[in-house]
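Fold and geometry: a report
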Amino acid sequence: MLKNLFKYSLRALKRQKTYVLINVFGLAIGLACSLIILIFIRYELSFDQYHEEKDRLYRVILNGKIGGQEVTVTSTASPVGPAMVDEFPEVENFLRMNSWGETLIKHNDNRFIEDYFMEADSSFFEFFSIPLLRGNIKTVLNEPHTVVLSESTAKRIFGNDDPVNQLLMIGNDTAYYKVTGIYADIPETTHFSANAIGSFMTNPRASDNEWLSNSFSTYLLLHPNSDPQTVEDRCAALIEKHVGPEIVKFIGISIQEFLSQGNKYNYFLQKLADIHLDPSIEQEFKPANDPKYLWIFGSIAVLIIIIASINFMNLSTAQAGKRAKEVGIKKVSGSSRGMLISQFLTETILLSLFAMVLTIIITEISLPYFNNLLGINLNVGYFSNWYTIPGLLLGVIFIGFLAGSYPAFYLSAFNPYMVMKGMRARNRKGITLKSVLVVLQFSISIILIIGTLIMFRQISFMMNKNMGFDKEHLLVLRQAYTIGSKINSFKEEIKSIPGVVNVSASTAVPGHNNNNNGYTVKGHPEDSYLLQTNWVDYDYLDTYGIALASGRFFDRKNSTDKDACLINESAVKSYAFEDPFSVRFNIPTGDENAEIKTMPVIGVVKDFHFESMKTDITPYLFRFKDEDNNWGYISIKLAPNAGKSTIEEIEKTWESFTSNDPMQSFFMDKDFDRLYREEKQNSKLAIIFTILAIIIASLGLFGLTSFTIQQRTKEIGVRKTFGASVGNIWKIVAKEILVLVAISTAIAWPFVYWIADNWLQNYHYRINLQIIDFIAGFLIALIIALITISHRTLKTARVNPAESLRYE
C-alpha cells in the first residue's frame, strides 16, 4: 500500500511540473537560509566546548569603579592566581596569559611576523585540551625563555627541520628563546588565538607582588564539585588583605574608605563556556559577540521557515481548481477522505524531500561566500555531528506535514457531486485564510525590511560621524620599541620624505588604548579619579587633528610642560572640575615616603572618540612622552596625494633604523572600522536574508493571485464583455493587494518599532527612529507585491472574454 501511495504521489507531481518547480525552489531557499543561520548559531555556541575540564575552568574578572567610572575587564594582577591557589581550598591550579599581538620572530637571517604571540604559565596544556605533539606537558613552559610553537608556525619557520631545541629571537628581547615543544593548531572555536606561546616566567612581572597593576588574564581550575560562588565570596577578604595596603600606598586611604566613597574593587568568576558570548566584559583576546544577534538571526530562521511554509500552502491550494476533478473521480471510485489526505501529505513530504536535496546543494554553494563574509569556517558537518542527518530527515517530515496539512484537508474536502458537475463552490473561507497567510508573510517581510534599513542607517551613522579626530591618511606603525631611544631621529627622517605631513609617537592610539589609570588630586586626597592615559609627544594633536577646547598643548619652549598634562571635556564634566586649570593630579609613585609629584592641567581638548561609539566618551588624560619612554606607536600623517612610493620610503627608513626588521603597520581609518566588524557583517547577513524572505513571500503572493484569478476567471470575462479594460481589471486586483499590504504594515510597525528601539539601546551614540524608515518599508513591500501580481493578472485580463466565460 505504501509503495502504491508513493507511486500515485509521484505521478501526481509529474503532472504539475511548474507548480512543483516553484514550490520546491521557494521551500529550498527558505530551508537553505534557515540551515545556514542554524549552522552559524551552532558555530557561535561551540566556542570552548571541546576542553575536557571546561566545567571546572573559570576566568577571573575584575570589576572596578573609581570616581564614577566603572570597568569590567579580564585584566588582573600577576599575584592573583598564585594567591588564590594558596588561600582558597577550592582552587586546584591557576594559569596566567598575556597577549603580545603581532610579534617579530627571528631565526638565523629570516624574520617572521606572528599575529598571535602569547605568554602563558606551564599549566596551559593542563587547562586547555590542545594536543601537545612534541614535548612534556608539565615542563615545556617551566623555564624562562622557552617557547612552544603551533604545528603550522613550526612548519613555516623551520620547514622540514626538527624545531625542538632550536633557538629564536622574539620581540625586542636580547636573549634567545629555546623551542621546547610543538602543539596542534588551536581550533578556531577558542576564545583566544596563539601561533606561539612563550613561558610566562620570562615576564619580569611573573613573580612580582603588585596588586594594582592589572595586565594579565588569570584562569582558575577548581577542584571537582567546588562551588564557584564560594570562591567569589572569599575574594573580599583577599582584596582587603592584599589590595588594601596597595591602595593606602598609592592613594593614602584605607580600602574601607575607598569603598565607602562609592568606589568598587572586586573579583568574580566567569565560566569558560560563557566567554565568547559576553560582550559586557572588556576582552584581552578575541572580541566577544553579542548573543542578541543569535536571538535575532534565530528568529529570522524561524520566520523564514514560516514564510516558506505559508508560501507552500498558498501555492498548493492555488492548484486546487486543477485537481478538483481528480479528487472527485477518486471519491466516486471509492477513495476515502483519509486516503486522499495520505496521498496529499505524501506529495508534500516528497516535495519537502526534493527541496531538502536542493537545500543542501544551495547551502554547499553558499557557505564559501558566508565564510568569506564572516571570516570563519562554517560547515554542515554531516558526519562530524551525530544529529545532523537525523535532523535533516526530521526536518523533511516536519516541513512536509506543516506545509501540507492545510492543502491536504482542503483538497480532500471537495464535494464529488459538485465537482463532477463543474460547480466548485467558491470557498470564501479558503480565500480569507489565504489572505491571512499572505498578510502574515508580508508582515514578517516588512519587519525584516524596516529592521535592515534601520540597522544599515545606524552603521552608516557610526562610520561617518565626526570622530573628533582625523582618521584619514594616518599610517600607524606598531612596535615603536624597535626604534629604541632614536625615536626623535627617526621622526625627523620620516618628516623629510615627500608626502609626509607630520609624525608623532605615543603609547596609545584611538582603538588601541592600554592604560586606564587611577589618580588623586592635590587638596582632595579622599577622592579618586579614573582616566584613560596616553603618553604623547609635541606633535600628537596636530598629527591627529584633535581640537583644543581651552588652554594649550605641550610646547617645546616650556620645559615645565613635560611635567604637565591635558584632559578632555568629558573629564571636566564627569568630575565637575569648575576650574580645570587649578587641578593638579598626583603622580602615583608606590612609595609612601617619596615626595608626591603633581601634574598641573595646562589644556582641555575637545572630546574625541578613542573607542567604539557603542560606549560613551570617558575621561582621558594626556601626559608627556619623553624619548626614554619608547614603547607604543608611531603615527604618520600622509598627504592626500601620497602614493606607494611614500610608503616604500617609510619602510626603507624603518629598516635602516631597525636592522631590516619588517615594518608592522595599519591605516587608522581601516583599523577603526574593525570596531564595527560585527555590526557590518550582521547588516550584510540581514540584507541577504531579507531579500530571500521577500522572494519567498512573493512566491506565496503569486500563489494567492493565481488562486484568486482562477476563482474569478468568469467574473473577469463578464467585466471585459461590459467594456472593462486590462488596466481596470489590474486595478481591481491591485486594490485588494494594497489592502493586504496595508494590513501587513499596520501589524508590522509596532513590532519593528519595539525591536529596533531595544536594539539601538546597545549604542550610546545612535540614530533616532524616523517615520521615513517605516514608510520606506511599506513602499518597498507594496512595489514588490504589485510587480509579483502583475504578470498573472495581466495575462488573464488579456484572454478573450469568450474563453473566460466558457472556463467554468
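Look up: the structure comes first, before these words.
Here is a short report on the structure shown in this document.

Bringing the overall build of the protein into the picture now. Of the regular secondary structure elements, the protein holds 23 helices and 23 strands. Sorting the 808 residues of the protein into buried and exposed places 52% on the buried side. Restricting the contact set of the protein to residue pairs at least 6 apart, pairs at least 24 apart contribute 80%.

Tracing the chain through its elements places Gln458 in helix α13 (residues 428-464). Within the structure, the side chain of Gln458 is placed 3.0 Å from the backbone nitrogen of Ile767, a separation counted as a polar contact. Beyond its immediate chain neighbours, meaning those up to four positions away, Gln458 contacts Trp759, Leu760, Tyr763, Tyr765, Arg766 and Ile767.

Grouped together as the largest cluster of nonpolar side chains are 107 residues, with contacts concentrated most on Tyr544, Ile546, Phe554, Phe622, Met668 and Phe689. No other element matches the 14 residues that α13 contributes to this core. In contact with Phe554, not counting residues within four places along its chain, are Val536, Tyr538, Asp561, Ala564, Cys565, Leu566, Ile602, Phe622, Arg623 and Phe624. Residues Val60, Val231, Phe258 and Ile587 belong to the second largest nonpolar core, which totals 47 residues.

For the structure on display, the rule yields 38 aromatic pairs. Measuring from centroid to centroid gives 5.6 Å for Tyr529 and Phe577, while their planes differ by 45°, and the two rings are tilted. Highlighted residues: Tyr529 in strand β16 (residues 524-536) and Phe577 in the loop between α16 (569-574) and β19 (584-587), separated in sequence by 48 residues. Relative accessible area serves as the criterion here: at 9%, Phe577 is assigned to the buried category. Here Phe554 and Phe624 contribute two aromatic rings whose centre-to-centre distance is 5.6 Å and whose plane-to-plane angle is 75°, an arrangement assigned as edge-to-face. With a gap of 70 residues between them, Phe554 in the loop between β17 (548-551) and β18 (565-568) and Phe624 in strand β21 (residues 620-624) connect regions that are remote in the sequence. The exposure classification of Phe554 matches that of Phe624, with both residues buried. One aromatic cluster is present, formed by Phe469, Tyr538, Tyr540, Tyr544, Phe553, Phe554, Phe608, Phe610, Tyr620, Phe622, Phe624 and Phe672 through successive ring pairs. Its end group placed over the ring of Tyr765, Lys465 keeps NZ or CZ at 5.2 Å from the ring centre.

Right, let's talk about the pairing of strand β14 (residues 500-506) for a bit. Along any regular strand the residues' side chains alternate between the sheet's two faces. For β14, the tally of buried residues reaches six of seven residues, placing the bulk of the element in the interior. Pairing of β14 with strand β22 (residues 633-638), which is carried by six bridges, proceeds in the antiparallel orientation. By the bridge assignment for β22, Asn502 is matched with Lys637.

Buried within helix α3 (residues 80-87) we find Val80, Gly81, Ala83 and Met84. Across the axial projection of α3, the buried residues extend over an arc of 165°, all falling on one side. On the buried face of α3, the contacting elements are β1 (57-66), β3 (76-77), β4 (91-107), β11 (214-222), α6 (228-250) and β12 (264-271).

Oppositely charged side chains can pair when the atoms bearing their charge come close. What the rule picks out here adds up to 20 salt bridges. Of the charged contacts, one joins Glu53 and Arg56 as a salt bridge, the two residues approaching to 3.0 Å between their closest N and O atoms. On the basis of relative accessible area, Glu53 is assigned to the partly exposed category, the value being 27%. On the accessibility criterion, Arg56 (17% relative accessible area) is buried.

Burial of the side chains of strand β13 (residues 474-477) extends over both faces: Leu474 and Val476 are buried on one face and Leu475 and Leu477 on the other. Across four bridges, the pairing between β13 and β22 is antiparallel. Within β22, the position partnered with Val476 by the bridge is Ser635. Pairing of β13 with strand β23 (residues 665-667), which is carried by three bridges, proceeds in the antiparallel orientation. Across the sheet, the residue bridging to Leu477 is Ser665, located in β23.

Between helix α14 (residues 487-495) and helix α17 (residues 644-658), the shortest axis-to-axis distance is 10 Å and the interhelical angle comes to 155°. Taken together, the axes of α14 and α17 are roughly antiparallel relative to one another. Of the two possible hands of crossing, α14 and α17 adopt the one that is right-handed. Facing Ser489, Phe490, Glu493 and Ile494 of α14, the residues of α17 in contact are Ile650, Thr653, Trp654 and Phe657. Here the residues of the contact of α14 with α17 are counted per class, giving five nonpolar, two polar and one charged.

Right, let's talk about unusual backbone geometry for a bit. Unlike most non-glycine residues, His145 shows phi in positive territory, near 60°. Although it is not a glycine, Asn225 adopts a positive phi angle of roughly 70°. Structurally, the position occupied by Asn225 is in the loop between β11 and α6.

We now examine the environment of Phe461. Following the sequence through the fold, Phe461 ends up in helix α13. Sequence separation between Phe461 and Ile767 is 306 residues, and the spatial gap between their C-alpha atoms is 7.1 Å. Each residue touching Phe461, except ones within four places of it in the same chain, is listed here: Met613, Tyr765, Arg766 and Ile767.

This paragraph deals with the packing of α3 against α6. Where α3 contacts α6, the two axes come as close as 12 Å, and the packing angle between them is 120°. Put simply, α3 runs oblique to α6. Remark: the crossing between α3 and α6 carries right-handed chirality. Between α3 and α6, the residues in contact are Ala83, Met84 and Glu87 and Cys235, Leu238, Lys241 and His242, respectively. Along the lines of polarity and charge, the residues of the contact of α3 with α6 split into four nonpolar, one polar and two charged.

We now examine helix α5 (residues 151-158). For α5, the complete set of buried residues consists of Thr153, Ala154, Ile157 and Phe158. Angular distribution of buried residues about the axis of α5 spans 105°; they occupy a single face of the element. Taken together, the buried residues of α5 touch β4, β5 (110-120), β7 (146-150), β8 (167-170) and β9 (177-183). One or two positions beyond α5, positive phi appears at Gly159, with a value near 65°.

This part takes up the environment of Phe469. Within the secondary structure, Phe469 is located in the loop between α13 and β13. By relative accessible area, which is 6% here, Phe469 ends up buried. C-alpha of Phe469 to C-alpha of Asp542: the two residues are 73 residues apart in sequence and 9.7 Å apart in space. When sequence neighbours within four positions are dropped, the list of residues in contact with Phe469 reads Pro510, Tyr544, Gly545, Ile546, Phe608, His609, Met668 and Phe672.

Criteria and cut-off values
Residues numbered from 1 in each chain as written. Predicted model: local features only at pLDDT ≥ 70, side-chain atom pairs only at ≥ 80, totals over all residues. Heavy atoms only, no water. Helix = DSSP H or I, 4+ residues; strand = E, 2+ residues; numbered from the N terminus. Buried < 20%, exposed > 50% of the residue type's maximum accessible area, 1.4 Å probe, protein only. Contact = heavy atoms within 4.5 Å. Polar contact = N/O pair within 3.5 Å; in protein donor to acceptor, adjacent residues only side chain to side chain. Core = buried A, V, L, I, M, F, W, Y, C linked by side-chain atoms within 4.5 Å. Phe/Tyr/Trp six-rings, centres within 6.5 Å; stacked < 30°, edge-to-face > 60°. Lys NZ or Arg CZ within 6 Å of the ring centre and 35° of its normal. Pairing = 2+ DSSP bridges. Arc of directions from axis to C-beta. Salt bridge = Lys/Arg side-chain N within 4 Å of Asp/Glu carboxyl O. Axes fitted to C-alpha atoms, helices over the stretch in contact; angles between N-to-C directions. Parallel < 35°, antiparallel > 145°, perpendicular 65-115°, else oblique. Left-handed = near helix turned anticlockwise from the far one by under 90°. Nonpolar A, V, L, I, M, F, W, Y, C, P; charged D, E, K, R; others polar.

Function cannot be read off these values alone, since they describe shape.
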